[in-house]
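Now for the letters of each chain:
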Amino acid sequence: MSVVDRVPLSRAEGALLLALSRGSVKEKNLGRLRDLCDQITDWQSLYHVAFAKMSAPFVYRNLKTLYNYESIPGHEGYLKNLALRQQMATLKVMSAARRFHTDCIEALAVPHAYIKGPALASMFYVDPGLRYSRDIDVLVSADHFASIIRCALHKGYRVVGNPESGRQIYEEQDLRAAIRYNDVVSVISPSGICIEVHKKIDKENSIFPTDDLLRRAVPVSFGGVEAYSLSCEDMFCFACYHNTRHLWSNLHWLADLSTMLEGDKLDLEKSKRMADGYGLSYIVNACIEFDELAEFGEPPKRLETNNGSKLFDICLRNLAGNVDWERRLRQETGDMIIPLDETTRFGSWERKISTLLKRSRPTFDQYEELPLPDVLQWLYYPLKPYRALKKRLL
């Protein structure tokens, strides 16, 4: 399948889609957005991309606002149907979250923090049902990681050791390897919803210490679940980091950003201080600029830096493709789009050592290729450089 899996939108179409992918549109921007609407020639393609990028409910509601709740352009019934499909899917996720929480988290009384998704929607949105969620993410400590995975398996959930291959785990040795080598393991609910259980929330860098995140976790209620979530400020910093690493490939993340910045739950100054401690000031400030650009569809004024413009442009480019397209764009941009600050909780040399140690650690796909018994798995360490060289040469 091609990495570009849909007709690329024009810049005006893309800018309008970004502006509509938020909790609400501001009255001061209505004129500008109506001007963009006048430039649209293919509404059905725009609606299709809104659905693919997970923002159909926001686009539908904001277009109704733009057109004073009269008929909107294009095939209104088509967009309405797409929006309802995503809202119904979210209800299914909520139901799965309630069951998983009762089956595993409550049953084991495990300290936890839900990340993104339904927890974020319940914390920040006036109408959480507008925010599409397709899966559930929960953070637990390394000490409780294995017990949660085993509990889920015992309760009838399917365990996936490697999301890339989709391989399900049935044997005890495979389960031990998945728990040993993965920082996140996916369990699939009986209703088919993916729950990602994390012992770390950042895969590439050791930026967010799990123990600190769990200590600062706050109560949250969603889908009938009384649970804990990342604090508002941790949620904001992580969202900026995570979404930028993925080049803002899903537009409901843009709605999250605008909703967090415009609401009264987030202490923005505290978030900036926290971002400075994480070494994420560059990213957080760029995301704030990006939100300003996306809200208006174009720069309303000269910005202090062009970092928000970089995110705006890369997000527009990312509208055309799938996950493989995102990976290609990431290879093109590299870390230029999200350089980490030097003033992080780790010094630069410590970060390099941490990254080196992580890269030398065996992976589950390495185990899949050569499933050695536990007593021989130390061989994965010397074999890993050979495996990497073989892949590069082939």
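Residues numbered from 1 in each chain as written. Predicted model: local features only at pLDDT ≥ 70, side-chain atom pairs only at ≥ 80, totals over all residues. Heavy atoms only, no water.

Novice: What exactly am I supposed to notice about unusual backbone geometry here?
Specialist: For residues other than glycine, phi is negative in most cases, and the peptide bonds are mostly trans. Of note, Ala 109 is a non-glycine position whose phi angle comes to about 50°, a positive value. Examined against the element boundaries, Ala 109 turns out to sit in the loop between helix H5 (76-108) and strand S1 (112-115). A positive phi angle is found at Leu 247, which is not glycine, with a value near 55°. Structurally, Leu 247 is set in the loop between helix H10 (232-245) and helix H11 (252-262). (Helix = DSSP H or I, 4+ residues; strand = E, 2+ residues; numbered from the N terminus.)

Novice: Looking at this model, I keep getting lost on the nonpolar core. Mind explaining?
Specialist: For soluble globular proteins, nonpolar side chains are generally found buried alongside one another. Within the largest apolar cluster, 117 residues are counted, with the highest numbers of intra-cluster contacts made by Leu 18, Leu 63, Phe 100, Val 197, Phe 208 and Phe 290. Per-element tally for this core: the top contributor is H5, with 10 residues. Excluding residues within four positions of it along the chain, Leu 63 makes contact with Leu 20, Cys 37, Trp 43, Tyr 47, Ile 72 and Leu 79. Counting five residues, the second largest nonpolar core, distinct from the first, contains Leu 247, Ile 314, Ala 320 and Leu 329. (Core = buried A, V, L, I, M, F, W, Y, C linked by side-chain atoms within 4.5 Å. Buried < 20%, exposed > 50% of the residue type's maximum accessible area, 1.4 Å probe, protein only. Contact = heavy atoms within 4.5 Å.)

Novice: Is there a simple way to think about the pattern of salt bridges in this case?
Specialist: Charged atoms that come close allow side chains of opposite charge to pair. What the rule picks out here adds up to 18 salt bridges. Here Lys 116 and Asp 137 are joined by a salt bridge, their closest N and O atoms 4.0 Å apart. A residue pair is termed long-range when its members are at least 10 positions apart, and Lys 116 in the loop between S1 and helix H6 (117-124) and Asp 137 in strand S2 (residues 135-140) qualify at 21 residues. For Asp 137, a relative accessible area of 5% translates into the label buried. Where Arg 131 meets Asp 256, a salt bridge forms, and the shortest distance between an N and an O atom there is 2.6 Å. You can see Arg 131 sitting in the loop between H6 and S2 and its partner Asp 256 sitting in helix H11, a full 125 residues away along the chain. (Salt bridge = Lys/Arg side-chain N within 4 Å of Asp/Glu carboxyl O.)

Novice: Which parts of the structure should I look at to understand the packing of helix H12 (residues 268-278) against helix H13 (residues 281-296)?
Specialist: Packed helix pairs are characterised by how far apart their axes lie and by the angle those axes make with each other. As a packed pair, H12 and H13 sit with axes 8 Å apart at the nearest point and diverge in direction by 145°. Side by side, H12 and H13 meet where Leu 268, Lys 272, Ala 275 and Asp 276 of the first sit next to Ser 281, Val 284, Asn 285 and Ile 288 of the second. When its residues are assigned to classes, the contact of H12 with H13 shows four nonpolar, two polar and two charged. (Axes fitted to C-alpha atoms, helices over the stretch in contact; angles between N-to-C directions. Nonpolar A, V, L, I, M, F, W, Y, C, P; charged D, E, K, R; others polar.)

Novice: Explain the pairing of strand S7 (residues 218-222) to me, please; I cannot follow it from the model alone.
Specialist: One face of the sheet, then the other: side chains in a regular strand alternate in exactly this way. Pairing of S7 with strand S8 (residues 225-229), which is carried by five bridges, proceeds in the antiparallel orientation. Bridge assignment links Pro 219 to a residue of S8, and that residue is Tyr 228. The antiparallel pairing of S7 with S8 creates a hairpin that spans two residues between the two strands, and Gly 223 there sits at a positive phi of about 55°. (Pairing = 2+ DSSP bridges.)

Novice: Sorry, what's going on with the packing of aromatic side chains here?
Specialist: The description of an aromatic ring pair rests on the distance of the ring centres and on the angle between the ring planes. Counting across every chain of the model gives 10 aromatic pairs. Pairing Phe 208 with Tyr 278 gives two aromatic rings, centres 4.7 Å apart and planes at 55°, and the pair type is tilted. In this pair, Phe 208 sits in the loop between strand S6 (194-198) and helix H9 (210-215) while Tyr 278 sits in helix H12, placing the two residues 70 residues apart along the sequence. With a relative accessible area of 6%, Tyr 278 lands in the buried category. An aromatic cluster of at least three residues, connected via ring pairs, comprises Phe 208, Phe 238, Tyr 241 and Tyr 278. One residue, Arg 180, lies across the ring of Tyr 181, its end atom 5.7 Å from the ring centre. (Phe/Tyr/Trp six-rings, centres within 6.5 Å; stacked < 30°, edge-to-face > 60°. Lys NZ or Arg CZ within 6 Å of the ring centre and 35° of its normal.)

Novice: I keep staring at the environment of Phe 51 and nothing clicks. Help me out?
Specialist: The topology assignment puts Phe 51 in helix H3 (residues 43-52). Here Phe 51 falls in the partly exposed class, since its relative accessible area comes to 22%. For the pair Phe 51 and Ala 83, spaced 32 residues apart in the sequence, the C-alpha separation amounts to 7.4 Å. Not counting the four nearest positions on each side in its chain, Phe 51 is found in contact with Ala 56, Leu 82, Arg 85 and Gln 86.

Novice: Is there a simple way to think about the confidence of the model for the protein in this case?
Specialist: In low-pLDDT segments, the atomic positions of the prediction should not be examined closely. With 89% of its residues at a pLDDT of 70 or more, the protein has an overall mean of 87. Here helix H16 (residues 348-360) stands out as the least confident element of the protein, with mean pLDDT 64; S1 is the most confident, with 98. (pLDDT = per-residue confidence, 0-100.)

Novice: Can you help me understand H10 in this one?
Specialist: Count 3.6 residues to each turn of an α-helix, and residues three or four apart come out pointing the same way. With 14 residues, H10 extends 20 Å between its outermost C-alpha atoms, agreeing within 8% with the 20 Å of an ideal straight helix rising 1.5 Å per residue. A large share of H10 lies buried, amounting to 13 of its 14 residues. Phi for Leu 247, located one or two positions after H10, is positive at around 55°. (Expected span 1.5 Å × (residues − 1).)

Novice: Explanation requested: H5 in the structure shown.
Specialist: Helix length check: H5 (33 residues) gives 47 Å between terminal C-alpha atoms against 48 Å at 1.5 Å per residue, within 8%. Of all bends in H5, the biggest is about 40°, found at His 101. The positive-phi residue at the C-terminal boundary of H5 is Ala 109, with phi of around 50°. (Bend = angle between axes of the 7 residues up to and from the residue.)

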